[in-house]
Protein chains: 2
Amino acid sequence: MAPRPESKVAEQIAPEQRASAGRKLKIALVGFGTVGRSVAKLLSQNPHSPFVLTHIYNRNVARKKVDWIPAQVRWTDKIEDVLASDADIFVEVVGGLEPAGEWVSKALRAGKSVVTANKLLIAERGPELLRLARQTGRQLQIGASVAGGIPAILAIQEGLAGDRLYRIAGILNGTCNYILTKMEATGAGFDSALKEAQELGFAEADPTSDVEGYDARAKLVILTQAGLRVNVRSEQIPCAPISPVEAVDFGYARELNCTIRQISIAQKNTANGLRLLAAVRPTLVPLASLIAHVQRNQNLVIASGEFAGPIVLSGFGAGGDPTAVAIVSDLYVIARQSNAAPADTGELAEDPQSVSGDFVVPHYVRFIVRDRPGIVAEVAAVFARFGISIDALLQKPGYPHSALPFIMTLEACSSSLLDRALEEIGRLDFHVERPLCLPILTQ
Amino acid sequence: MAPRPESKVAEQIAPEQRASAGRKLKIALVGFGTVGRSVAKLLSQNPHSPFVLTHIYNRNVARKKVDWIPAQVRWTDKIEDVLASDADIFVEVVGGLEPAGEWVSKALRAGKSVVTANKLLIAERGPELLRLARQTGRQLQIGASVAGGIPAILAIQEGLAGDRLYRIAGILNGTCNYILTKMEATGAGFDSALKEAQELGFAEADPTSDVEGYDARAKLVILTQAGLRVNVRSEQIPCAPISPVEAVDFGYARELNCTIRQISIAQKNTANGLRLLAAVRPTLVPLASLIAHVQRNQNLVIASGEFAGPIVLSGFGAGGDPTAVAIVSDLYVIARQSNAAPADTGELAEDPQSVSGDFVVPHYVRFIVRDRPGIVAEVAAVFARFGISIDALLQKPGYPHSALPFIMTLEACSSSLLDRALEEIGRLDFHVERPLCLPILTQ
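Bear in mind the structure is a predicted one, so any value in this text is a computation, not a measurement. (Residues numbered from 1 in each chain as written. Chains lettered and ligands numbered in written order. Predicted model: local features only at pLDDT ≥ 70, side-chain atom pairs only at ≥ 80, totals over all residues.)

1. Describing the overall build of chain A
Step number 1: The number of helices and strands found in chain A is 14 helices and 16 strands.
Step number 2: What you see for chain A is a C-alpha radius of gyration of 25 Å, in line with the 22 Å of a compact globule of 443 residues.
Step number 3: On the principal axes, the C-alpha backbone points of chain A span a range of 85 × 50 × 35 Å.
Step number 4: Within chain A, the fraction of its 443 residues that count as buried is 53%.
Step number 5: Put simply, of all contacts in chain A between residues at least 6 apart along the chain, 74% involve residues at least 24 apart. (Helix = DSSP H or I, 4+ residues; strand = E, 2+ residues; numbered from the N terminus. Rg over C-alpha atoms; globule rule 2.2 N^0.38 Å. Buried ≥ 20, exposed ≤ 12 C-beta atoms within 10 Å, placed from the backbone. Contact = placed C-beta atoms within 7 Å.)

2. Let's talk about the domain arrangement of chain A
Step number 1: For chain A, the domain assignment lists domain 1 (19-141), domain 2 (161-315) and domain 3 (360-439).
Step number 2: Distance from the C-alpha centre of domain 1 of chain A to the C-alpha centre of domain 3 of chain A: 53 Å. (Domains from an automatic or database assignment.)

3. Examining the packing of helix α4 (residues 100-109) of chain B against helix α5 (residues 119-136) of chain B
Between two packed helices, the angle of one axis relative to the other and the distance separating the axes together describe the packing.
All names here are of chain B.
Step number 1: Axis separation between α4 and α5 bottoms out at 10 Å; the angle between their running directions is 10°. Regarding the angle of α4 to α5, the classification is roughly parallel. Taken together, the residues of α5 that come into contact with α4 (itself represented by Ala100, Gly101, Val104, Ser105, Leu108 and Arg109) are Leu121, Arg125, Leu129, Leu132, Ala133 and Thr136.
Step number 2: Of the residues that constitute the contact of α4 with α5, the class distribution is seven nonpolar, three polar and two charged. (Axes fitted to C-alpha atoms, helices over the stretch in contact; angles between N-to-C directions. Parallel < 35°, antiparallel > 145°, perpendicular 65-115°, else oblique. Nonpolar A, V, L, I, M, F, W, Y, C, P; charged D, E, K, R; others polar.)

4. With respect to the sheet that holds strand β2 (residues 51-57) of chain B
Residues and elements named next belong to chain B.
Step number 1: An order of β3-β2-β1-β4-β5-β6 is seen for the six strands of this open sheet, with the pairing classed as parallel. This sheet does not close on itself; its edge strands, each paired only once, are β3 (74-76) and β6 (140-141).
Step number 2: Here strand β1 (residues 25-30) runs beside β2; their pairing, made up of six bridges, is parallel. Along β2, the bridge assignment pairs Leu29 with Ile56. (Pairing = 2+ DSSP bridges.)

5. Some remarks on the confidence of the model for chain A
All names here are of chain A.
Step number 1: For chain A, mean pLDDT is 90; residues scoring 70 or higher make up 93% of the total.
Step number 2: In this model residues 1-21 is a low-confidence stretch, pLDDT under 50, and it forms 28 contacts with partners more than four residues away in sequence or in other chains.
Step number 3: Note on residues 340-347: pLDDT is under 50 here. Beyond four places in sequence and across chains, it has 26 contacts.
Step number 4: The ipTM assigned to the predicted complex is 0.87, against a pTM of 0.89. (pLDDT = per-residue confidence, 0-100.)

6. What to know about the environment of Val35(A)
Residues and elements named next belong to chain A.
Step number 1: When you line up the elements, Val35 lands in helix α2 (residues 34-45).
Step number 2: With 26 C-beta atoms counted inside 10 Å, the residue Val35 sits in the buried group.
Step number 3: For the pair formed by Val35 and Ile327, sequence separation is 292 residues and the distance between their alpha carbons is 9.3 Å.
Step number 4: Setting aside residues up to four positions removed in sequence, Val35 forms contacts with Val93, Ala117, Gly320, Thr323 and Ala324.

7. Section: the sheet that holds strand β13 (residues 360-369) of chain A
Either a parallel or an antiparallel arrangement is found when strands of a sheet pair, and the pairing is made through backbone hydrogen bonds.
All names here are of chain A.
Step number 1: Pairing within the open sheet is antiparallel, and its four strands lie in the order β14-β15-β13-β16. Each of the sheet's edge strands pairs with one partner strand only, and the pair in question is β14 (390-394) and β16 (431-439). Averaged over all pairs of adjacent strands, the angle between strand axes in this sheet comes to 15°, irrespective of strand direction.
Step number 2: Across four bridges, β14 lies against strand β15 (residues 404-414) in antiparallel orientation. Bridge assignment links Leu394 to a residue of β15, and that residue is Ile407.
Step number 3: Each of β13, β15 and β16 touches helix α14 (residues 415-426); the most contacted strand, β16, lies at about 170° to it.

8. Re unusual backbone geometry
Step number 1: That bond from Glu98(A) to Pro99(A) is cis: its omega, 5°, falls within 30 degrees of zero.
Step number 2: Relative to the helices and strands, Pro99(A) resides in the loop between β4 (89-92) and α4 (100-109).
Step number 3: Located in the positive-phi region is Ala147(B), a residue other than glycine, with phi close to 60°.
Step number 4: C-beta crowding within 10 Å serves as the criterion here: with 32 such atoms nearby, Ala147(B) is assigned to the buried category.

9. Here we look at helix α14 (residues 415-426) of chain B
Residues and elements named next belong to chain B.
Step number 1: The terminal C-alpha atoms of α14 lie 16 Å apart, and with twelve residues this matches the ideal 16 Å at 1.5 Å per residue to within 8%.
Step number 2: Turning to α14, its buried residues number three or more, namely Leu418, Ala421, Leu422 and Ile425. Down the axis of α14, the sector holding all buried residues measures 100°, keeping them to one side. Residues of α14 that are exposed and angled more than 90 degrees away from the buried face: Asp419 and Glu423.
Step number 3: Among the structural elements, β13 (360-369), α13 (375-385), β15 (404-414) and β16 (431-439) are those in contact with the buried residues of α14. (Expected span 1.5 Å × (residues − 1). Arc of directions from axis to C-beta.)

10. Notes on the nonpolar core
Across soluble globular proteins, you tend to see nonpolar side chains buried next to one another.
Step number 1: Grouped together as the largest cluster of nonpolar side chains are 285 residues, with contacts concentrated most on Ile27(A), Val39(A), Val91(A), Ile27(B), Val39(B) and Val91(B).
Step number 2: In this structure, Ile27(A) is in contact with Leu43(A), Phe51(A), Val52(A), Leu53(A), Thr54(A), Ala87(A), Ile89(A), Val91(A) and Leu331(A), ignoring residues within four places of it in sequence. (Core = buried A, V, L, I, M, F, W, Y, C linked by C-beta atoms within 7 Å.)

11. Comments concerning the pairing of β13(A)
Residue and element names in this part refer to chain A.
Step number 1: Burial analysis of β13 places seven of its ten residues in the buried class, which makes it a mostly covered element.
Step number 2: Bridge count between β13 and β16: six bridges; the pairing is antiparallel. Looking at β16, one finds that Ile368 is bridged to Glu433.

12. Considering the packing of helix α6 (residues 152-159) of chain A against helix α6 (residues 152-159) of chain B
Step number 1: Their axes nearest at 10 Å, the elements α6(A) and α6(B) cross at an angle of 130°. Between α6(A) and α6(B), the interaxial angle falls into the category oblique. Considering the relative orientation of α6(A) and α6(B), their crossing is right-handed. Seen from α6(A), the contacting residues are Leu154(A), Ala155(A), Glu158(A) and Gly159(A); seen from α6(B), they are Leu154(B), Ala155(B), Glu158(B) and Gly159(B).
Step number 2: Split into classes, the residues belonging to the contact of α6(A) with α6(B) amount to four nonpolar, two polar and two charged. (Left-handed = near helix turned anticlockwise from the far one by under 90°.)

Here is the structure:
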């Protein structure tokens, strides 16, 4: 990070001289799907850019060729051609763990810098690959791997470099946000909202990774390492699916001046060794907060620091063009910094003593019961035995006695204590459905 | 921007060697008010930082001394001592046009890089000072001059470098946002909301610069230059004060699913030469947008690009600690880039052919009249003559005939055309107050 004052003379060359004296950075684009095509489009549109596209790799490349790519670009389906080429920067947009991981390693070892949009790869092997980039004196830029067009990694690593971040929270999955905002706006159930999202292209045919929270979790891992400087693995972070959320929950949430969103959150605690709390769960969020108003399939990240307070970033978290903007912006970072100390992305991340999802927060619990006298008293008695205080009890009219929903909000307690209480309550005889328990986001 | 591949070997030095081989960057802190003290605190807290505070300048410095500053720091009230010192970076937090501007120039000419939080100075002389920094081979970082702890400049210049921005809009003045959110929440009038803001320290004794829009305008000038790459001077941008907004307007805005905020907006149009539209005005904003939910004295910036879509940034736009985070983050930018090509902040900004506030947007017009038959017909006749279409007419019950408020919303038309129509309408005999005309923000 220290300056090398002896070479400052180089900066005194006027910019236009520098631009003409230097050569353009050669870009190899590895993957020509939706994101790859958008990257090629952005690179082709600006003749004054410091980049020139030289290679495009794709499997069965012949069927991918398009006529708007400049003639000098080499199309190939042999990755070895790209790795052995004189390309300066390897742009990986094939996705998936392998062979992308092997290719990124080989590209770094071949002296290329790498830009990747691969959240799975960076969530799984980010620290290792960033170390490799250091060792080879090249750069690995990962801004496009989280939250698409939102410059979240850059903002938290550089824009908030002067702060000490202790919490990252957000809406990191556009599919879940689309489904939940649709349920909120129309009163639709989960299944029909999912079906609509699939028809409109906002959800995949197999929505497991989105609905269960795995997609958001991979992004949370990357943001935790980049922003909180804490190493964590995906499998250490508990997830809860959004599918048990029902229309009735939005009604009750509204009574509490809240709505429901899939929230990813990681918080570090250094009071007694380094500990990380992290989870991806459907969560009640106050209508007074920005996070309640993220529209459709957009994303939002809140970075909370000790000094600057919470900073919010929002925008389109996926899609060809937004992700391509993040990739091209990372190319500019490399162009600017190719002669400077590499950004220390993730290098300083520490291993925590523990990782758990055991936040101490208020909770919302929704019961659906076959009504009879004494239910509330029995539930309350169990909570009391566990030392959990009830904050509010709501039962809206208009439901049948055979399947009657009511909700309780509970004062802050640990999720694990509440789980044990709910296990005991779950053995009582009046349940029509398993109780749904959601944390309530507090600022 | 082009790389200098011949010197890439330097990057292969392991980071720990580089850190120990290099020396810390010497920081001169010029100004020891609220922001200056926060900067000193942040710099003193991290022994591993690449910075060392060496000088503190303030007028009558003796009364400013505090015991938590390391003993080796030199306190002075002679700016010449700082300019002639071996400090690497000159941190200007005195504010105001002069002598700050002279000092920043002298610091750059003396071979120092400069970090400034001075929005007045950068709005007035940013392009000139950035050119000077280029000429002297030093850096001028201005991230703290807009929106305090929100890394807006960095995000739009680097995080969205791959996009082409055409619009910047936002809430850039925390005082106005505090006053307007208070009016919205409590039904208070402007005067009492201002008084409360003053009592709580959210507004100054003389609130002119905030209420009239001048403070927000200076920030809009800087964001326009940095993000849209268009040169503009403060006096070219029309402002309207928030003081004519009344409680009744929030009631009508709510009927339209909107609220009212002071919005700063700049939009470039390249269809027919480079033209800039820009204004700072109280504006109706849809409740469905994030910008309607910015709390208290926070700020929000929306950067709209052709590819990534709108990106939103929000957080505390002022205050000692948030501004200090922005300053220290800019110090890190200098540390990282001291050996690379300087960021091209603002250099590429072009002069537009025209600047005006003449947006073509829907409008809200509120009348307060001495009621009599025929008023609506007379107003409608004037609008019809100017070719302006009425979208909606609302008149809530419960007001006296002697001062009856009603509102119209108008389909998109140019502000200048509407001004002419309203001038004619203003000559009619039934007005109790001058009609209030607010643009409606559309996405």
